[in-house]
Protein chains: 4
Amino acid sequence: MYKEKILIGTDTTSGVAPQILDAIAEASNIKTLPYGNDIITEKCKNVVKKIFEKSDLEIIPMVSGTASNSLALSSFLRSYGSVICHSDAHINKDEGGAPEFFSCGGKLLTISNSLGRIKAQDLLNKIDEISFKRKSRPLISGVSITQLAENGTFYKLDEIDAISEICKKNNLYLHMDGARFSNALVSQELISPAEATWKVGVDCLSLGATKNGAMAAELIIFFNKTLASEAQNLIKQTGHVLSKTRFVSAQLNAWFKDDLWLELAKLANKNALYLRNQLSEFKEFKILYPTQGNEVFVKMSNLSYENILRLNIIPNLWNQFDTDHLVVRFVTSFETTKCQIDKIIERLKTYF
Amino acid sequence: MYKEKILIGTDTTSGVAPQILDAIAEASNIKTLPYGNDIITEKCKNVVKKIFEKSDLEIIPMVSGTASNSLALSSFLRSYGSVICHSDAHINKDEGGAPEFFSCGGKLLTISNSLGRIKAQDLLNKIDEISFKRKSRPLISGVSITQLAENGTFYKLDEIDAISEICKKNNLYLHMDGARFSNALVSQELISPAEATWKVGVDCLSLGATKNGAMAAELIIFFNKTLASEAQNLIKQTGHVLSKTRFVSAQLNAWFKDDLWLELAKLANKNALYLRNQLSEFKEFKILYPTQGNEVFVKMSNLSYENILRLNIIPNLWNQFDTDHLVVRFVTSFETTKCQIDKIIERLKTYF
Amino acid sequence: MYKEKILIGTDTTSGVAPQILDAIAEASNIKTLPYGNDIITEKCKNVVKKIFEKSDLEIIPMVSGTASNSLALSSFLRSYGSVICHSDAHINKDEGGAPEFFSCGGKLLTISNSLGRIKAQDLLNKIDEISFKRKSRPLISGVSITQLAENGTFYKLDEIDAISEICKKNNLYLHMDGARFSNALVSQELISPAEATWKVGVDCLSLGATKNGAMAAELIIFFNKTLASEAQNLIKQTGHVLSKTRFVSAQLNAWFKDDLWLELAKLANKNALYLRNQLSEFKEFKILYPTQGNEVFVKMSNLSYENILRLNIIPNLWNQFDTDHLVVRFVTSFETTKCQIDKIIERLKTYF
Amino acid sequence: MYKEKILIGTDTTSGVAPQILDAIAEASNIKTLPYGNDIITEKCKNVVKKIFEKSDLEIIPMVSGTASNSLALSSFLRSYGSVICHSDAHINKDEGGAPEFFSCGGKLLTISNSLGRIKAQDLLNKIDEISFKRKSRPLISGVSITQLAENGTFYKLDEIDAISEICKKNNLYLHMDGARFSNALVSQELISPAEATWKVGVDCLSLGATKNGAMAAELIIFFNKTLASEAQNLIKQTGHVLSKTRFVSAQLNAWFKDDLWLELAKLANKNALYLRNQLSEFKEFKILYPTQGNEVFVKMSNLSYENILRLNIIPNLWNQFDTDHLVVRFVTSFETTKCQIDKIIERLKTYF
């Protein structure tokens, strides 16, 4: 039996990039005011403005992706309101009801499809369905899309554009859950952070660094500044203001510096493609969806999955496909190496 | 004018103890499951059991003190319930309504006195007042005390004992906000963590490490295990589960190791006493309250305060005493040095 | 053009049964304590115990059906929990997010099917789907069924039995929204109120009288008494305790007296069947679903609907069937007369 | 012993004025749309506009006073906000935490004084105290005053004026809990409803009819129309939209018709004064506060209170005065008669 357990099911098992560890240690030497009124956070704001080519934006450094999404949504979602999202969205399936709690009962209205992303037509239909007869109850407040989508694919610019057109026409805000935004960004060549967000109508972005090299660092970016005050009012009340916020901002500054965030994402994505290619050689595995970030989804029999576990390879059990088959997720991170993947493949070959 | 700004108003301006920085770096090399299902968190649990001499307790590692208090309270506070606390309590004055939000409308019933701590008789009176005629509305669910109290003094064991007696008789839970618990503990000689908490009837403790050497690390300890499940249910929904929880637990493990937490607290306390003695030499300053931890409260004229700021010394403006006088707080941390205090005194002497 | 507008879209346009009006006037002469501590409410409790053949139950008189459902659900639904219901359920589509608000963010998990009622197999699948991988998040707290279902059909006893079996096995509570419970009950011959509820495992029933003869009177009946205290705690906090509660109880007592509730329901149901038969004569109309209460659903073209409105007949626009067709609801009440229906048919014949 | 129990502790034990009962019966004959979209509610709106001499106002008919207050407050109170009120205010002491629940955690900041009403200087001090150092946390959103105040006295116009001046300067909304507004109004000669409310800066009024002749009828009047939409959004979600709203509006229309509301209030007030005069003859009783409405507060020994109960007279146990004395409340209603009061006095004379 293989002694070493290989965790390949999520990028949250990864460690912290050395540049970010250094930045944390360095921030410890700087004495500054607590609760975000510090020069490191001030610098972070300027960095973000530059990277996203927008001078009138607001940021909130966070440590939790769930809270980052919920606070962003609560900037426009009230208890009697609703947000339209894909049924597979993290906010709908994996955040323990946080958006509902932060909004004291706001509702998520979901769109299901096999694409894994909201299509403009789906959105139109949903709005029609809700509006029919109900006279705006539940009030639809906004739309949330996930970039990378939960199935590891990215929204193309024109897809987002079409969605944001509909939002504008219906007075809806557009939120982007960017837990893996950097992975999506580097997959689309020659697209800038600005082009990928506010230039196609995104009002606020929950940008995640934790899965891609940070220890615990997320960022809410309000391109629509008027939205920020509501979230800023709620952040203290939900316990998400850290006294030593400078250590969060320090992580982010290091993450952005010299395009580290993009470099780390490229590493993860490259290895995901390599892993995909290797896995596709096994006839027992059927690869699902394009691999447009750092995630590979594989359909396999229940038995195959059990055998993988026996090889001490730990992917993520994603979904049931049918009675006999499962969808299993493999996720690479900036730390994943070609060598590690080769080791996985080697083990698989002993069985399959 | 003095160029260097001396921040002496709060211990949250401090950095991170080197042993804790090392532990963070080390944790980065350990690959383990996310969301608290990791060996470092498992170890933390065992460490806490040993230090608090209790095998049947539950812990939740946190990064925010406000959330740590609110989640602990929400384990027994429902929307229609209430918690009795001192009117100066952090949960009442400084947490932006977090206990009310986490409990969806639970109420804090406050006791005011000049002592800064709840006295047993105060508590009895409050319970009587609420119970009179109202037939248990609002339902009183528990009591929260702060150790160090907000005025820098500690509850003696027999004070807590008397409070917990009343709690037991009235079926109330007893929570302790221990943001500066270590400072209080080392001030009372020969008292163990167990004696200071569950042995005098404390049901749950929000233990803070952030103000005393950690980067962002708090711990909810449920001595009463039955309370833990409610908080564990809410923690995800309030966005307080970190994916890389191991970095929080790693800080805590280093903090507890070789009594580091107590040593750091002793340093802070020692320097607070030194600062108090020095400040008491100035006739313009009147020291308030005993200094039983790392905080010194000084009554001074509005003008004196302005002049201190002009000397580029930044204490914390605590309260208004009367029209002409203020209460100003000085807080030392594990990083404060005698030399730094001497520098403060030197500057003060140039003016006062 | 027809001058008189005929409202036939909902039973809530109906007035109050004379016996109930008399009871209101009579209650005005009885001086008694407010807030439900009165002899009329006490009598109501005894009446309910007798009718439902159960001595250990709790009741809460209400005036709002939405609140009655939400309070009943909140007796077991917490913010981090969820309730499974049909996607067409009133609590999901027509109550403005009340269950989510009362539970501070609890979630409704919906089952969609063309039957309009939850099937045992649907429920099993849903529980499996939620339980898969997610490790009980969201915690499933209970199931809510609607009797009459929203499409005007009733759950047969064995259907409820099968659902409650699953509930018991999975530790789920079973709630019944009985806004039109009386209409369902009298449709099923020889079934007693007890057999229709707690004897098949219903834990609590939101029983509506408003649609069937009362002015504003609903009743939460907790067959499972342990559930009542949570709702009793919340009722004041949600503003649903009336000072002059005796006027609500008085309505209910008159409603139950001499089987008035059943007689009124029979009248409504009889006329619904008559209306159905008449409508089925028109080839432009297609009757949907069995008529097992007081509701008739008709599929018709968009144009037909417009023409009905032109005849000053006002049914309820229920749903979109497809681009060209609508589902239109006709609802009779205890006040509806054969003569009134004949008038509707007469008008329809002038056009169709 | 006296067999007949005389309830004199609250006006909520009263019945319904005959004119209002008639209006209810009459409304039963009018078929109209549910949920407030009816002609009776439309008429109510016009009546209110005329009586309050203001054409741009919004109304919401309600059945619960607690909900009426909470919904009015929620129009400007968010979870992170606060409302300043007197510590004796009904919203603070007697509504089970409803304002906190409706606002998902909003805070009531209380002013205590022996006057029973907020004085302008108290308000200024409170605002200063909150604003000091805390930088607007909790955000102060508004002020709520009670007319009649809880101790049975009314705010004079210039008192309200001074409060509303402060509100305007600090961007605070002003709410009036008018559960006994009519009693206060008729006590102040020659003051119109408009002068008593919006002309002195009241933004919204929770106007109660239930204690003064109605069965269950309250009215939120938004003089500041921009506030109405938030409450209108929440009303469905909190279960306070009645399907047969017309029966609430019908009560209100009858209540307003031919100044019935004022006539009923005058009856209650007149008898309160008569009762006060009679009670003041007993040397064991000390009357507290001016009697400016329908409430008389009496300080008496614990023993006296017990003896009153033995005489089968049931006033309201209001408060503890000191160890040996209680404050006991007597409340008259429109139904109280001179004869009834004489009977009370007669009984008292047998003992005292």
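Residues numbered from 1 in each chain as written. Chains lettered and ligands numbered in written order. Predicted model: local features only at pLDDT ≥ 70, side-chain atom pairs only at ≥ 80, totals over all residues.

### Remarks on the interface of chain A and chain B
No. 1: On the side of chain B, 36 residues touch chain A, which itself brings 36 residues to the contact.
No. 2: Listed by contribution, the elements that provide at least two residues to the side of chain A that touches chain B are α1 (18-27), α3 (65-74), α5 (98-102) and α9 (228-237) of chain A.
No. 3: Classifying every residue of the side of chain A that touches chain B by side-chain character gives 15 nonpolar, 18 polar and three charged. (Contact = placed C-beta atoms within 7 Å. Helix = DSSP H or I, 4+ residues; strand = E, 2+ residues; numbered from the N terminus. Nonpolar A, V, L, I, M, F, W, Y, C, P; charged D, E, K, R; others polar.)

### Quick word on the interface of chain B and chain D
No. 1: If you look at the interface, chain B gives 15 residues, while chain D gives 15 residues.
No. 2: Of all the elements in the fold, those that place two or more residues in the side of chain B that touches chain D are α5 (98-102) and β12 (316-320) of chain B.
No. 3: Tallied by class, residues from the side of chain B that touches chain D come to six nonpolar, five polar and four charged.

### Focus on the sheet that holds strand β10 (residues 295-301) of chain B
Residue and element names in this part refer to chain B.
No. 1: Spatial ordering of the open sheet is given by β9-β10-β13-β12, a layout of four strands whose pairing is antiparallel. Looking at the sheet topology across the chains shown, the edges are occupied by β9 (286-288) and β12. Averaged over all pairs of adjacent strands, the angle between strand axes in this sheet comes to 35°, irrespective of strand direction.
No. 2: Of the strand pairs in this sheet, β10 and strand β13 (residues 325-331) are connected by seven bridges, and their pairing is antiparallel. Bridge assignment links E295 to a residue of β13, and that residue is V331.
No. 3: Sitting on the sheet, helix α11 (residues 260-279) is in contact with β9, β10 and β13, with an inclination near 20° to β10.
No. 4: Relative to the sheet, helix α12 (residues 302-310) contacts β10 and β13, its axis offset from that of β10 by approximately 120°. (Pairing = 2+ DSSP bridges. Axes fitted to C-alpha atoms, helices over the stretch in contact; angles between N-to-C directions.)

### Comments concerning the sheet that holds strand β9 (residues 286-288) of chain A
Residue and element names in this part refer to chain A.
No. 1: If you trace the four strands from one edge of the open sheet to the other, you get β9-β10-β13-β12, paired in antiparallel fashion. The strands lining the two open edges of the sheet, one partner per strand, are β9 and β12 (316-320). Here the strands of the sheet are splayed against their neighbours by 35° on average, with no regard to which way each runs.
No. 2: Inspection of the sheet shows β9 paired to strand β10 (residues 295-301) by three bridges, in the antiparallel sense. Across the sheet, residue I287 finds its bridge partner in β10, namely V298.
No. 3: Packing against the sheet, helix α11 (residues 260-279) makes contact with β9, β10 and β13 (325-331), and its axis sits at approximately 20° to β10.
No. 4: Set on the sheet, helix α12 (residues 302-310) makes contact with β10 and β13; between it and β10 the angle comes to about 120°.

### Concerning the packing of helix α3 (residues 65-74) of chain D against helix α9 (residues 228-237) of chain D
Residue and element names in this part refer to chain D.
No. 1: Where α3 contacts α9, the two axes come as close as 8 Å, and the packing angle between them is 130°. With respect to their mutual orientation, α3 and α9 come out oblique. Where α3 crosses over α9, the handedness of that crossing is right-handed. Between α3 and α9, the contacting residues are L71, A72 and S74 on the first element and E230, A231, L234 and I235 on the second.
No. 2: Here the residues of the contact of α3 with α9 sort into five nonpolar, one polar and one charged. (Parallel < 35°, antiparallel > 145°, perpendicular 65-115°, else oblique. Left-handed = near helix turned anticlockwise from the far one by under 90°.)

### With respect to the relation of the copies chain A and chain B
No. 1: When chain A is brought onto chain B, the operation consists of a screw motion whose angular component is 180° and whose axial shift is 0.0 Å, with 0.0 Å RMSD remaining. Here the copies are linked by what is in effect a two-fold axis. Residue A:T238 of chain A places its C-alpha closer to the rotation axis than any other residue of that unit, at 3.5 Å.
No. 2: Both copies present the same face, since 100% of the interface residues in chain A are matched by interface residues at the equivalent positions in chain B. (Least-squares fit on C-alpha atoms with pLDDT ≥ 70 in both.)

### Describing the packing of helix α11 (residues 260-279) of chain D against helix α13 (residues 338-351) of chain D
All names here are of chain D.
No. 1: It is at 10 Å that the axes of α11 and α13 come closest, and there the two elements cross at 20°. By the angle between their directions, the pair α11 and α13 is classed as roughly parallel. For the pair α11 and α13, the crossing hand works out as right-handed. Residues N271, Y274, L275 and Q278 of α11 touch α13, and the partners they reach there are K338, I341 and I345.
No. 2: By residue class, the composition of the contact of α11 with α13 is four nonpolar, two polar and one charged.

### Let's talk about the domain arrangement of chain A
Residue and element names in this part refer to chain A.
No. 1: We note that the domain assignment places domain 1 (6-13 + 261-351) and domain 2 (18-259) within chain A.
No. 2: Centre-to-centre, using C-alpha coordinates, domain 1 lies 27 Å away from domain 2.
No. 3: The interface of domain 1 with domain 2 comprises 19 residues on the first partner and 21 residues on the second.
No. 4: Every element with two or more residues in the side of domain 1 that touches domain 2 is listed here: α11 and β10.
No. 5: Per-element accounting of the side of domain 1 that touches domain 2 gives the leading share, eight residues, to α11.
No. 6: For the side of domain 1 that touches domain 2, the residue count by class is nine nonpolar, six polar and four charged. (Domains from an automatic or database assignment.)

### Points about the relation of the copies chain B and chain D
No. 1: The transformation that overlays chain B on chain D combines an axial shift of 0.0 Å with a rotation of 180°, and the residual RMSD is 0.0 Å.
No. 2: Most of the interface of chain B is mirrored in chain D, where 100% of its interface residues again form contacts.

### A short note on the environment of B:L123
All names here are of chain B.
No. 1: Counting through the fold element by element, L123 comes out in helix α6 (residues 120-131).
No. 2: For L123, a count of 21 C-beta atoms within 10 Å puts it in the buried group.
No. 3: With residues near it in sequence (within four places) discarded, L123 still touches I84, I111, I118, V143, I163 and I166. (Buried ≥ 20, exposed ≤ 12 C-beta atoms within 10 Å, placed from the backbone.)

### Considering the pairing of strand β8 (residues 218-222) of chain B
Every regular strand shows the same layout, with side chains that alternate between the two sheet faces.
All names here are of chain B.
No. 1: For β8, the tally of buried residues reaches five of five residues, placing the bulk of the element in the interior.
No. 2: On β8, burial covers both faces: E218, I220 and F222 on one face and L219 and I221 on the other are all buried.
No. 3: Pairing geometry for strand β2 (residues 58-62) and β8, over five bridges, is antiparallel. Counterpart to P61 in the pairing with β8 is L219.

### Notes on unusual backbone geometry
Residues and elements named next belong to chain A.
No. 1: Here the bond from Q147 into L148 is cis, since omega is -25°, no more than 30 degrees from zero.
No. 2: Relative to the helices and strands, L148 is located in the loop between β5 (139-146) and α7 (157-169).
No. 3: Notably, C104 is not glycine yet its phi reads approximately 60°, a positive angle.
No. 4: Along the polypeptide, C104 turns up in the loop between α5 and β4 (107-111).
No. 5: Here the phi dihedral of D259 falls at roughly 60°; this positive angle occurs in a residue that is not glycine.
No. 6: Within the fold, D259 resides in the loop between α10 (246-256) and α11.

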